[in-house]
Amino acid sequence: MPPSSSHFDDAGNARMVDITDKAITVRTAVAEVSVRMQPETLQQVRERSLKKGDVLAVARLAAISGSKLTSTLIPLCHAIPIEAVAVDFQFEDSATLVCRSTVKTTARTGVEMEAMTACSVAALTVYDMCKSIDRGIEIDGLKLLHKSGGKSGDFDRDMREESR
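Note that the coordinates shown come from a computational prediction; the quantities given were computed from them, not determined experimentally. (Residues numbered from 1 in each chain as written. Predicted model: local features only at pLDDT ≥ 70, side-chain atom pairs only at ≥ 80, totals over all residues. Heavy atoms only, no water.)

Q: How do you make sense of the layout of surface pockets when you look at a structure like this?
A: The rolling of a water-molecule-sized probe over the atoms marks out the regions of remaining empty space. Considered as a void within the structure, the largest pocket measures approximately 430 Å³ in volume. Lining the largest pocket are 22 residues, with Lys 22, His 78, Thr 109, Gly 110 and Glu 112 positioned closest to its centre. Of all the secondary-structure elements, those providing two or more residues to the lining of the largest pocket are helix H4 (112–130) and strand S4 (138–148). Here the element with the most residues in the lining of the largest pocket is H4; it accounts for 3 residues. When its residues are assigned to classes, the lining of the largest pocket shows 7 nonpolar, 9 polar and 6 charged. (1 Å grid on protein atoms, 1.4 Å probe; cavity = no way out; pocket = protein on both sides within 12 Å on 5 of 7 lines; lining within 4 Å. Points joined across faces, edges and corners; volume = space filled by probe spheres on them. Helix = DSSP H or I, 4+ residues; strand = E, 2+ residues; numbered from the N terminus. Nonpolar A, V, L, I, M, F, W, Y, C, P; charged D, E, K, R; others polar.)

Dropping the structure here:
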């Protein structure tokens, strides 16, 4: 393994990165994912008329829980205090639901993985709650939109990438 790969030691063994010398700073990450489904399915989600209940309320709670469990799901992620999670949904068009999560902490490492896990879990929850009426649901485009805090500085997804 190349020495620049911090998740591996000199012998190529996986390891958790040592962050003890990193500064504690406010860190924020924003992620997004799209869930595409039949327009009739999305209409039921919007109207909260599915027999299983309010899909977005359940997906929001699942996303928050998922963000807090990231270090148990991703082997080399640090367990860090999650101090704020916001999950928003937008109806992009008649067949697309967009989930966006914002995660914040004051820690030695960032919350990018926690924000992306939140979106992933929200999208999977939407699928789970809607699969009885629409098995063709697609989850697409999971991505980090923004990250701030820490030594590496800020990241904002270049809007030119969005037009690809």
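Q: What am I meant to see in helix H2 (residues 55–68) here?
A: Three or four residues apart is the spacing at which side chains of an α-helix point the same way, because the helix has 3.6 residues per turn. Here H2 spans 20 Å end to end across 14 residues, near enough to the 20 Å set by a 1.5 Å rise per residue. Buried residues of H2: Val 55, Leu 56, Ala 59, Ala 62, Ala 63, Gly 66 and Ser 67, and no others. Taken around the axis of H2, the buried residues stretch over an arc of 130 degrees, which confines them to a single face. The exposed set on the far side of H2, more than 90 degrees from its buried face, consists of Leu 61 and Lys 68. Along its buried surface, H2 packs onto helix H1 (39–47), helix H3 (70–73), strand S2 (84–93), strand S3 (96–107) and H4. (Expected span 1.5 Å × (residues − 1). Buried < 20%, exposed > 50% of the residue type's maximum accessible area, 1.4 Å probe, protein only. Arc of directions from axis to C-beta. Contact = heavy atoms within 4.5 Å.)

Q: Got a minute to help me understand the packing of aromatic side chains in this structure?
A: Two measures describe an aromatic ring pair: the distance that separates the ring centres and the angle between the ring planes. Taken as a whole and judged by the stated rule, the model has 0 aromatic pairs. We note Arg 46 situated over the ring of Phe 91; from NZ or CZ to the ring centre the distance is 4.1 Å. (Phe/Tyr/Trp six-rings, centres within 6.5 Å; stacked < 30°, edge-to-face > 60°. Lys NZ or Arg CZ within 6 Å of the ring centre and 35° of its normal.)

Q: For this particular structure, what's the right way to read the UniProt feature "binding site: substrate" (unreviewed entry) in the protein?
A: In the numbering used here, UniProt assigns the feature "binding site: substrate" (unreviewed entry) to Leu 76, Cys 77, His 78, Met 113 and Glu 114. In three dimensions, the annotated residues from a span of 39 residues occupy one location, with a maximal C-alpha spread of 12.6 Å. As for the annotated residues, the ones lining the largest pocket are Leu 76, Cys 77, His 78, Met 113 and Glu 114. By the secondary structure assignment, Leu 76 is in the loop between H3 and S2. (UniProt positions renumbered as here; feature names shortened; annotations may be inferred.)

Q: Would you mind going over the UniProt feature "domain: Molybdopterin cofactor biosynthesis C (MoaC)" (unreviewed entry) in the protein with me for this structure?
A: What UniProt calls "domain: Molybdopterin cofactor biosynthesis C (MoaC)" (unreviewed entry) maps, in this numbering, to residues 16–150. As annotated, residues 16–150 has a helix share of 34% and a strand share of 33%, and its two end C-alpha atoms lie 18 Å apart.

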